[in-house]
Amino acid sequence: MQSSTPSDPELLADWLGRQRELAFVALVARYAGLVHSTAKRTCGDDSLAAEASQLTFIALAQKAKSLTSCASLGGWLHLTAMMQAKNLLRKARRENRKRQLMQAAMETEPSHSSNDVWQEMQPMLDDALAALSDKDREALLLRFYRSLTIREIAATLGIATDAAQKRIDRATERLRGKLARRGCQVGGSLSAAMLAGFTADSQAALPVSMLASKAIAAGTASTFSLSAILTSIAALVKSSSLILPVVALVLAGAWTGTKYQSLSATEARNGHLRDEIAAARPVRTSSPVKLTKDDGPIDWQKLATEKGNGPELQRFQKRLASMSRADLIATLDQIAALELSNTRRNQLDSAVITPLMQIDPEWVLNHFTDRLRDGLPLTTAFGLWAKKDRVKAIAWLDARIAAGNLNSKRLADAGDQQLRIPFESELINVLLGADPAAAIRRVGALPENQREPVISSLTNDMSNRMLNEPLTEGNHLAFANLVRSQLPADRHAPILADCVPYFWSVEEFPKFNAYMDVIEATPEERISCAEYFSKNCIYMVGGRREVSVDDLEALRGEFAKISPQNVDTMTARSLAAAVKGTTAFSRVSGLAVGLQERSGSDAVLATFLEITEFSTTDKLLGRELAGKISDTTRRAEILKRFN
């Protein structure tokens, strides 16, 4: 039976074509939890996560026309929220890695085992999801964030029910593998943990009306009449269960948008109207909470028993920002005396540690050494300490390593010391700017199986620097030399290419070439990195619209500037990498066929079929495509792959 719930494209079309703001509000309501929780996991800071959420929906409003062909917006919003949070984190110089901050306490806690798994996977989850293909990531978010049934997922994606089930199963296994490579062994409880965790995420977002009204104000220059908005609201109220305060807030946002053009003015006006509404009507738990400037004593009983990120916790967090070092330490002592669940204790401690480590990171490390596995932001504190006093910070870390404090109890081989990796990454990040030779020595002294994880964990930071700092000031050459000195040659290009912002498209190829110049890339590195970069271009374009042969030709034009004699080979390798890492074989192979038909040359299609790793389901199509090769000898050799 066809679902009566509008699809994402229908809501976008309704907003764009009919100027129905409530259609956009419905999209925000659908994905606010995903966006906010992704941003929170990425930056670990409530205020930055709120700002990243707002920027994400502003981007949705501004780019809505280019997204109407997407069957589901979850994957695009997830990636956008993640990058917005990373950009804000870099600009604020907070350097608060998502690996060290825990998820806000859930509104309703899942079973103990699922909760443990969810907490452990939090720091790695978004990177692992981002590393999946568009189709895999979208399928998982539909299943576990939106909690759609397999039949509903099949209808949304336009595929058969059994195909949807297989896609969910394969995507879950791929995510499990990517988490394992990041040091998180989740076993068979991954699905249960994601279902419970994402259910809590959906409750953690900012007020929908706030997000929607500001995004609409920024995303459109047109103004809508008040009567038209009232008509839309009246129709929606008749057909839905939206509560009156939400409708009133949407009205406030839309009306303000016609009077004020700047976001700051819109925010001020909306805040005033929200206060008036709150005063006139009791506020439900899902509505915005009016926080006072009460400087009275903290209500520890309410703080201890309150679920999730409620009003008392929000008031508590606001007060922390103005506390002195002595006040913060005294607050930690008061928390220690409370009867709390482990989840709530970790959340409250983390809230206090975040401002305290800006003042005295050494104190934080020395007093919480025995809680390295509790999800507290201790590695971030270590990075801040290393910037202030490298010698003492290194001595502390070496003492912890010698004492075995960084061994992971979840691994069969405790000697793997996976908990050591984020601390080493923080230290290497500091050393790259202060003493690159010391950074190389430090990585060289690590066990061989830890070198690449430590180096790879720095690529996000290098990418953010590329976005927010001049290339010559981002330690890019020092990082490249570290990669070259400590990793096998076949890993140089993948790691260096991972530093390039993943949403860059072919139009940013000049920036890519500038980066290659800064890191003094060899010709071989430049070719290999260009192939990885072009694979990401195909990936990101494919997430917005159907990739065309014109897109491929544009990439080939850039390849010709790098290595004219290798254009066909570079093209084929880029397409093969796109199949392996991101995009469906049928779509990518169609590009190779289209290029063959346009150019009359078999070179790209033949090489693509020779080097691509085929799944069992792709072999039938691969055999059909091999029949298009005009060179009979080469065609016969390729066909052998499919026998």
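Here, every reference points to the structure presented above.
Residues numbered from 1 in each chain as written. Predicted model: local features only at pLDDT ≥ 70, side-chain atom pairs only at ≥ 80, totals over all residues. Heavy atoms only, no water.

1. Some thoughts on the environment of Val-25
Along the chain, Val-25 turns up in helix α2 (residues 21-43). Residue class for Val-25 comes out buried when judged on its relative accessible area of 6%. Remark: the alpha-carbon pair of Val-25 and Leu-11, spanning 14 residues in sequence, is separated by 9.2 Å. (Helix = DSSP H or I, 4+ residues; strand = E, 2+ residues; numbered from the N terminus. Buried < 20%, exposed > 50% of the residue type's maximum accessible area, 1.4 Å probe, protein only.)

2. Digging into helix α7 (residues 150-157)
When we look at burial in α7, the residues that qualify are Ile-150, Ile-153 and Ala-154. For α7, the arc enclosing every buried residue in end-on projection is 100°, short of the 170-degree limit, so these residues lie on one face. The exposed residues of α7 that point more than 90 degrees off its buried face are Arg-151 and Ala-155. Check the buried side of α7 and you find it contacts α6 (134-145) and α8 (161-181). Two residues or fewer past α7, Gly-158 is found with a positive phi of approximately 70°. (Arc of directions from axis to C-beta. Contact = heavy atoms within 4.5 Å.)

3. Some remarks on helix α16 (residues 325-336)
End to end, α16 covers 17 Å across 12 residues, agreeing with the expected 16 Å (1.5 Å per residue, within 8%). Here α16 has its buried residues at Leu-328, Ile-329, Thr-331, Leu-332 and Ile-335. When α16 is viewed along its axis, its buried side chains cluster within an angular range of 155° and face the same direction. Turned more than 90 degrees away from the buried face of α16, the exposed residues are Ala-326 and Asp-333. (Expected span 1.5 Å × (residues − 1).)

4. What to know about the pattern of salt bridges
All chains considered together, the criterion is met by 21 salt bridges. For the salt bridge of Glu-424 with Arg-442, the shortest nitrogen-to-oxygen distance reads 2.9 Å. Remark: Arg-442 occurs in helix α22 (residues 436-444) and Glu-424 occurs in helix α21 (residues 420-434); sequence separation between them is 18 residues. By the burial criterion, Glu-424 is buried, and Arg-442 matches it. In this structure, Arg-598 and Asp-550 form a salt bridge, with 2.9 Å as the shortest nitrogen-oxygen distance. Taken together, the positions of Arg-598 in helix α31 (residues 585-599) and Asp-550 in helix α29 (residues 549-562) put the pair 48 residues apart, joining distant regions of the chain. On the basis of relative accessible area, Arg-598 is assigned to the partly exposed category, the value being 48%. (Salt bridge = Lys/Arg side-chain N within 4 Å of Asp/Glu carboxyl O.)

Everything listed is a geometric property; what it means functionally is a separate question.
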